[in-house]
Amino acid sequence: MSAQPPPDSDDRSARDRILDAAEACLRRDGIRRTTAAGVAAEAGVSRAWLYRHFPDKATLLSAALIRRDEAFWVDAQQRVDAADGFAARVAAAVVLARAAPLGPLATELRESEPEAFGAVIGTFVDDIVPGLSWFWRAQLEAGVATGELRADLDVQGAAEWVMRIVVSLVSVPGQAVDIDDAGSIAGHLEAFLMPALAT
């Protein structure tokens, strides 16, 4: 089962080329020295074409980091799929995300350029929930198909909600659950998440 939606247009190809270039610039130059003009040159597109897809530098760099994070989740999907039951799959995702909550490139940039990263992170957080909801849509659809989750579930709404729960548990751990213990997280989710989703 492939959760990642495939590229579906030339416009998508241009967007991917720009994001490839943005990631290359970030790895080589960091946040402060990466410019829209430099990314456009690296991608072989005009600045006008770049701005058609990304209105400013923060949105561009955020999108590059989110795509890298999506790649992390594609790689992690097998480990999540191996967990027994939906709550355990969400718990496995939380544990994986705790290891690299914003993806390895974002984590490296946060450590090397904290102020510049702070300027980008707001856009990243705004975009990460819809940007990664595809991962949870696939998991929820599988749960509905097997009868573990309600047949009348609003899959898109639930996908965004589950992503918000993962982001919240990773970034704002509390006292009710041991955030580094998949079993503790799964028990917490069985009590509070599954009644809303399960049959």
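Residues numbered from 1 in each chain as written. Predicted model: local features only at pLDDT ≥ 70, side-chain atom pairs only at ≥ 80, totals over all residues. Heavy atoms only, no water.

1. Thoughts on the overall build of the protein
Check the secondary structure of the protein and you find 10 helices and 0 strands. Secondary structure of the protein in N-to-C order comes out as α-α-α-α-α-α-α-α-α-α. Of all 199 residues assigned to the protein, the portion counted as buried reaches 46%. Accessible area of the protein: about 9700 Å², with a carbon and sulfur share of 52%. (Helix = DSSP H or I, 4+ residues; strand = E, 2+ residues; numbered from the N terminus. Buried < 20%, exposed > 50% of the residue type's maximum accessible area, 1.4 Å probe, protein only. Areas by Shrake-Rupley, 256 points an atom, 1.4 Å probe, with all protein chains shown as cover.)

2. Some details on the packing of aromatic side chains
Summed over the entire model, instances satisfying the criterion amount to 2 aromatic pairs. Taking 6.0 Å as the distance between ring centres and 75 degrees as the angle between the ring planes, the aromatic pair formed by F86 and W136 counts as edge-to-face. Here F86, found in helix α5 (residues 86-99), pairs with W136, found in helix α7 (residues 114-146); they are 50 residues apart in sequence, far enough to count as distant. Ring geometry for F135 and W136: centres 4.9 Å apart, planes at 80 degrees, overall edge-to-face. One exposure class covers both F135 and W136, and it is buried. Ring pairs connect the aromatic residues F86, F135 and W136, which therefore count as one cluster. (Phe/Tyr/Trp six-rings, centres within 6.5 Å; stacked < 30°, edge-to-face > 60°.)

3. Thoughts on the pattern of salt bridges
According to the stated counting rule, one finds 6 salt bridges in the structure shown. Between R27 and E23 there is a salt bridge; the shortest N-O distance is 3.0 Å. Taken together, the residues R27 and E23, both in helix α1 (residues 10-33) and 4 residues apart, mark about one turn of the helix. One salt bridge in this structure joins R150 and D152, with 2.7 Å as the shortest N-O distance. (Salt bridge = Lys/Arg side-chain N within 4 Å of Asp/Glu carboxyl O.)

4. Details of the nonpolar core
One finds W73, F86, W136, L140, L189 and L197 to be the most contacted residues of the largest nonpolar core, which totals 35 residues. Taken together, the elements giving at least two residues each to this core come down to α4 (57-81), α5, α7, α8 (155-171), α9 (182-192) and α10 (194-197). Sorting elements by how many residues they give to this core places α8 first, with 9 residues. Other than its neighbours up to four places away in sequence, W136 contacts F86, R89, V90, A93, A159, V162, M163 and V166. (Core = buried A, V, L, I, M, F, W, Y, C linked by side-chain atoms within 4.5 Å. Contact = heavy atoms within 4.5 Å.)

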